[in-house]
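Each chain, written out:
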Amino acid sequence: GGTIGAITLRRDATPGVETAAAPSLGAVPPPVFARVERTLVLGVAWRIETRVVRLSALGQAVALDVPLLEGEALATEGIPVQDGKARVALAADQSELAWTSTLTPRDSIALRAPESVAWVEAWQLQVEPIWHVEAEGIPPIAVAEVDPAPLRSWRPWPGESLTLSVRRPSGVGGGTLTIDRASVQ
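The shown structure was predicted, so the numbers you read here are calculated from the model rather than taken from an experiment. Numbering of residues starts from 1 in every chain and runs along the sequence as written. Confidence filtering applies because this is a predicted model: local features only for residues at pLDDT of at least 70, side-chain atom pairs given and counted only at 80 or more, and all residues used for totals across whole chains, interfaces and linings. Excluding hydrogens and water, the side-chain values take into account all heavy atoms of the structure.

What should I look at first to understand the pairing of strand 9 (residues 119–127) in this one?
Regular strands show a simple pattern: their side chains alternate between the two faces of the sheet. Pairing between strand 1 (residues 34–42) and strand 9: 9 bridges, direction parallel. Looking at strand 9, one finds that Thr39 is bridged to Gln124. Between any two strands, pairing holds if DSSP finds at least two bridges. Segments assigned H or I by DSSP are reported as helices when at least four residues long, segments assigned E as strands when at least two residues long, and all are numbered from the N terminus. Examined bridge by bridge, strand 9 and strand 11 (residues 152–154) share 3 bridges and lie antiparallel to one another. Bridge assignment links Leu125 to a residue of strand 11, and that residue is Arg152.

Here it is as C-alpha coordinates:
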(Lines give C-alpha, C1' and ligand atoms only; values in the text may rest on other atoms or scores of the structure.)
Protein backbone atom coordinates (compact mmCIF):
# COMPACT_ATOMS: atom_id res chain seq x y z
CA GLY A 1 0.00 0.00 0.00
CA GLY A 2 0.71 3.58 -0.60
CA THR A 3 -0.86 6.83 0.46
CA ILE A 4 -3.57 6.97 -2.13
CA GLY A 5 -6.46 9.16 -1.00
CA ALA A 6 -4.54 10.65 1.97
CA ILE A 7 -4.93 14.36 2.73
CA THR A 8 -2.14 16.52 4.06
CA LEU A 9 -2.86 19.91 5.64
CA ARG A 10 -0.23 22.60 6.03
CA ARG A 11 -0.62 26.05 7.57
CA ASP A 12 1.28 28.87 5.99
CA ALA A 13 2.00 32.03 7.95
CA THR A 14 0.84 35.26 6.36
CA PRO A 15 3.60 37.88 6.38
CA GLY A 16 2.81 40.94 8.55
CA VAL A 17 -0.03 39.24 10.47
CA GLU A 18 0.65 38.29 14.06
CA THR A 19 -0.63 34.90 15.16
CA ALA A 20 -2.11 34.32 18.60
CA ALA A 21 0.06 32.50 21.08
CA ALA A 22 -0.52 28.78 21.13
CA PRO A 23 -2.79 27.74 24.00
CA SER A 24 -1.01 26.23 26.96
CA LEU A 25 -1.58 22.60 27.78
CA GLY A 26 -0.70 23.10 31.44
CA ALA A 27 -2.36 21.26 34.28
CA VAL A 28 -5.84 22.41 35.21
CA PRO A 29 -6.93 21.88 38.82
CA PRO A 30 -9.74 19.34 39.22
CA PRO A 31 -13.19 20.69 40.06
CA VAL A 32 -14.02 21.28 43.70
CA PHE A 33 -16.16 18.60 45.34
CA ALA A 34 -17.36 18.16 48.94
CA ARG A 35 -19.65 16.16 51.24
CA VAL A 36 -22.26 17.87 53.43
CA GLU A 37 -22.93 15.76 56.53
CA ARG A 38 -26.04 16.65 58.54
CA THR A 39 -26.74 15.00 61.90
CA LEU A 40 -30.22 15.74 63.23
CA VAL A 41 -30.35 15.42 67.02
CA LEU A 42 -33.91 15.28 68.32
CA GLY A 43 -33.99 15.55 72.10
CA VAL A 44 -35.49 18.02 74.53
CA ALA A 45 -33.98 20.69 72.27
CA TRP A 46 -33.61 19.97 68.56
CA ARG A 47 -30.37 20.74 66.78
CA ILE A 48 -28.49 19.98 63.58
CA GLU A 49 -24.75 19.40 63.47
CA THR A 50 -23.49 20.09 59.95
CA ARG A 51 -20.02 19.40 58.61
CA VAL A 52 -18.73 20.25 55.13
CA VAL A 53 -15.79 18.02 54.17
CA ARG A 54 -13.64 18.74 51.12
CA LEU A 55 -13.30 15.62 48.94
CA SER A 56 -11.17 17.27 46.25
CA ALA A 57 -7.49 18.14 46.62
CA LEU A 58 -6.30 21.05 48.75
CA GLY A 59 -4.83 24.11 47.07
CA GLN A 60 -7.99 25.80 45.81
CA ALA A 61 -10.44 27.94 47.80
CA VAL A 62 -14.02 26.65 47.97
CA ALA A 63 -17.26 28.64 48.18
CA LEU A 64 -20.57 26.76 48.56
CA ASP A 65 -24.12 27.90 49.28
CA VAL A 66 -25.56 25.09 51.43
CA PRO A 67 -29.37 25.28 51.81
CA LEU A 68 -30.71 25.22 55.36
CA LEU A 69 -33.67 23.07 56.37
CA GLU A 70 -37.03 24.68 57.07
CA GLY A 71 -36.94 25.97 60.66
CA GLU A 72 -33.12 25.77 60.89
CA ALA A 73 -31.23 28.72 62.42
CA LEU A 74 -27.42 28.80 62.68
CA ALA A 75 -26.09 29.00 66.24
CA THR A 76 -22.40 29.11 65.26
CA GLU A 77 -20.96 32.57 64.62
CA GLY A 78 -18.96 33.50 61.57
CA ILE A 79 -21.01 31.74 58.89
CA PRO A 80 -23.16 34.17 56.93
CA VAL A 81 -26.69 33.18 55.88
CA GLN A 82 -28.30 34.63 52.78
CA ASP A 83 -31.62 33.60 51.18
CA GLY A 84 -31.90 30.52 53.42
CA LYS A 85 -28.42 29.26 52.54
CA ALA A 86 -25.24 29.06 54.60
CA ARG A 87 -22.38 30.73 52.69
CA VAL A 88 -19.55 28.26 53.28
CA ALA A 89 -15.99 29.34 52.47
CA LEU A 90 -13.04 26.97 52.81
CA ALA A 91 -9.52 28.38 52.48
CA ALA A 92 -7.13 26.69 50.04
CA ASP A 93 -5.54 24.68 52.88
CA GLN A 94 -8.77 23.99 54.86
CA SER A 95 -10.31 20.52 54.59
CA GLU A 96 -13.55 20.98 56.57
CA LEU A 97 -15.89 23.36 58.32
CA ALA A 98 -18.56 22.54 60.92
CA TRP A 99 -21.42 24.41 62.55
CA THR A 100 -24.37 23.81 64.84
CA SER A 101 -27.93 24.97 64.23
CA THR A 102 -31.15 24.92 66.16
CA LEU A 103 -34.22 23.37 64.58
CA THR A 104 -37.75 24.39 65.43
CA PRO A 105 -39.70 21.28 66.54
CA ARG A 106 -42.29 20.22 63.96
CA ASP A 107 -44.37 17.21 62.92
CA SER A 108 -42.47 16.65 59.69
CA ILE A 109 -38.89 17.23 58.53
CA ALA A 110 -38.16 17.17 54.79
CA LEU A 111 -34.68 16.42 53.50
CA ARG A 112 -33.76 16.56 49.82
CA ALA A 113 -30.37 16.06 48.19
CA PRO A 114 -29.87 18.89 45.69
CA GLU A 115 -29.12 18.15 42.06
CA SER A 116 -26.27 19.63 39.99
CA VAL A 117 -24.21 20.90 42.90
CA ALA A 118 -20.55 20.44 43.85
CA TRP A 119 -21.32 18.18 46.82
CA VAL A 120 -23.04 15.02 47.98
CA GLU A 121 -25.13 14.77 51.14
CA ALA A 122 -25.03 12.36 54.08
CA TRP A 123 -27.78 12.39 56.71
CA GLN A 124 -27.82 10.92 60.22
CA LEU A 125 -30.59 10.85 62.78
CA GLN A 126 -30.11 10.63 66.54
CA VAL A 127 -33.40 10.41 68.45
CA GLU A 128 -33.88 10.46 72.22
CA PRO A 129 -36.62 8.22 73.66
CA ILE A 130 -39.08 11.09 74.12
CA TRP A 131 -39.70 11.08 70.33
CA HIS A 132 -40.93 8.51 67.83
CA VAL A 133 -39.75 9.00 64.24
CA GLU A 134 -40.92 7.26 61.08
CA ALA A 135 -38.95 7.72 57.87
CA GLU A 136 -40.50 7.72 54.42
CA GLY A 137 -38.43 7.80 51.26
CA ILE A 138 -35.06 6.21 50.65
CA PRO A 139 -34.04 3.35 52.98
CA PRO A 140 -31.31 3.86 55.59
CA ILE A 141 -27.91 2.26 55.15
CA ALA A 142 -27.02 -0.79 57.26
CA VAL A 143 -25.84 -0.18 60.82
CA ALA A 144 -24.05 -2.41 63.31
CA GLU A 145 -26.57 -4.27 65.47
CA VAL A 146 -24.27 -4.21 68.51
CA ASP A 147 -25.14 -0.58 69.16
CA PRO A 148 -28.29 -0.46 71.34
CA ALA A 149 -29.34 2.93 69.90
CA PRO A 150 -27.66 3.21 66.51
CA LEU A 151 -27.72 6.35 64.45
CA ARG A 152 -29.86 5.89 61.38
CA SER A 153 -27.92 7.01 58.31
CA TRP A 154 -28.81 7.80 54.70
CA ARG A 155 -26.57 8.43 51.68
CA PRO A 156 -28.92 9.95 49.08
CA TRP A 157 -28.27 10.29 45.37
CA PRO A 158 -28.87 13.77 43.94
CA GLY A 159 -32.61 14.50 43.81
CA GLU A 160 -33.59 11.83 46.38
CA SER A 161 -35.62 12.86 49.39
CA LEU A 162 -36.57 11.71 52.85
CA THR A 163 -39.49 12.77 55.05
CA LEU A 164 -39.28 12.23 58.80
CA SER A 165 -42.60 12.15 60.68
CA VAL A 166 -42.00 13.03 64.32
CA ARG A 167 -44.40 12.58 67.21
CA ARG A 168 -44.17 12.36 70.95
CA PRO A 169 -45.34 8.96 72.23
CA SER A 170 -48.51 9.26 74.26
CA GLY A 171 -48.68 8.06 77.82
CA VAL A 172 -50.42 4.84 78.80
CA GLY A 173 -53.36 5.14 81.17
CA GLY A 174 -53.38 3.36 84.49
CA GLY A 175 -52.35 3.69 88.10
CA THR A 176 -49.07 5.26 89.14
CA LEU A 177 -46.78 4.60 92.07
CA THR A 178 -44.25 6.96 93.60
CA ILE A 179 -41.32 5.52 95.55
CA ASP A 180 -39.84 7.95 98.07
CA ARG A 181 -37.01 5.79 99.35
CA ALA A 182 -35.42 2.42 98.60
CA SER A 183 -32.61 0.48 100.24
CA VAL A 184 -30.78 -2.69 99.32
CA GLN A 185 -30.06 -5.25 102.03
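Whenever I open this one, the sheet that holds strand 5 (residues 81–82) confuses me. Can you help?
Working definition: the strands of a sheet are paired by backbone hydrogen bonds and lie parallel or antiparallel to each other. The strand order across the open sheet built from 3 strands is 3-6-5, with neighbouring strands paired in antiparallel fashion. Where the open sheet ends on each side, the last strands, each with one partner, are strand 3 (62–67) and strand 5.

What is the right way to read the sheet that holds strand 12 (residues 161–167) from this model?
The 3 strands lie next to each other as 8-12-10, forming an open sheet whose pairing is antiparallel. Strands at the two margins of the open sheet, each flanked by one partner only, are strand 8 (108–112) and strand 10 (132–137). Direction aside, the axes of adjacent strands within the sheet are offset by 20° on average. One ladder, built from 6 bridges, connects strand 10 with strand 12; its direction is antiparallel. By the bridge assignment, His132 is partnered in strand 12 with Arg167. The angle between two axes is taken between their N-to-C directions and runs from 0 to 180 degrees, where each axis is a line fitted to C-alpha atoms and a helix contributes only its stretch in contact.

Any chance you could explain the side chain of Glu121 here in plain terms?
Inspection of the secondary structure puts Glu121 in strand 9. Exposure classes here rest on a 1.4 Å probe applied to the protein chains alone. A residue is buried below 20% of its type maximum, exposed above 50%, and partly exposed in between. We classify Glu121 as buried; its relative accessible area is 5%. The contact criterion used is simple: two residues touch if any of their non-hydrogen atoms lie within 4.5 Å. Discounting chain neighbours no more than four positions away, the residues touching Glu121 are Val36, Arg38, Ala113, Pro114, Arg155 and Pro156.

Would you mind going over the pairing of strand 3 with me for this structure?
Across the two faces of strand 3 the burial differs, with Val62, Leu64 and Val66 buried and Ala63, Asp65 and Pro67 not buried at all. Strand direction decides the pairing type here: strand 3 and strand 6 (residues 85–90), joined by 6 bridges, are antiparallel. Looking across to strand 6, one finds that Asp65 is bridged to Arg87.

Just to check I follow, could you spell out the pattern of salt bridges for this structure?
Opposite charge on two side chains permits pairing when their charged atoms draw close. Salt bridges are identified by distance alone: a Lys or Arg side-chain nitrogen within 4 Å of an Asp or Glu carboxyl oxygen. Taken as a whole and assessed by the stated rule, the structure comprises 8 salt bridges. One continuous salt-bridge network, built from bridges that share partners, spans Arg35, Glu37, Arg51 and Glu96.

Looking at this structure, I do not really get a nonpolar patch on the surface. What am I missing?
Exposure above 30% relative accessible area and no salt bridge define the residues that can form patches, which grow by joining like charges within 9 Å and nonpolar side chains of Val, Leu, Ile, Met, Phe, Trp and Tyr within 5 Å. Values of accessible area rely on a 1.4 Å probe in the Shrake-Rupley scheme; residue burial ignores everything except the protein chains shown. On the surface, a cluster of nonpolar side chains totalling about 220 Å² of accessible area is made up of Phe33, Leu55 and Val120. Mapped onto the elements of the fold, Leu55 is located in the loop between strand 2 (46–54) and strand 3.

What is the right way to read the packing of aromatic side chains from this model?
Two aromatic rings are characterised by how far apart their centres lie and by the angle between their planes. What counts as a ring pair is set by centres within 6.5 Å for rings of Phe, Tyr and Trp (its six-membered ring), and what kind of pair is set by the plane angle: stacked under 30 degrees, edge-to-face over 60, tilted for all other angles. For the structure shown, the criterion picks out 1 aromatic pair. Taking 5.3 Å as the distance between ring centres and 80° as the angle between the ring planes, the aromatic pair formed by Trp46 and Trp131 counts as edge-to-face. Residue Trp46 is located in strand 2, and its partner Trp131 is located in the loop between strand 9 and strand 10; the two are separated by 85 residues in the primary sequence. As far as the burial class goes, Trp46 and Trp131 line up, both buried. Lying across the ring of Trp131, Arg168 places its NZ or CZ 5.2 Å from the centre. Only lysine NZ and arginine CZ atoms are considered, and such an atom sits over a ring when it is within 6 Å of the ring centre and within 35 degrees of the ring normal.

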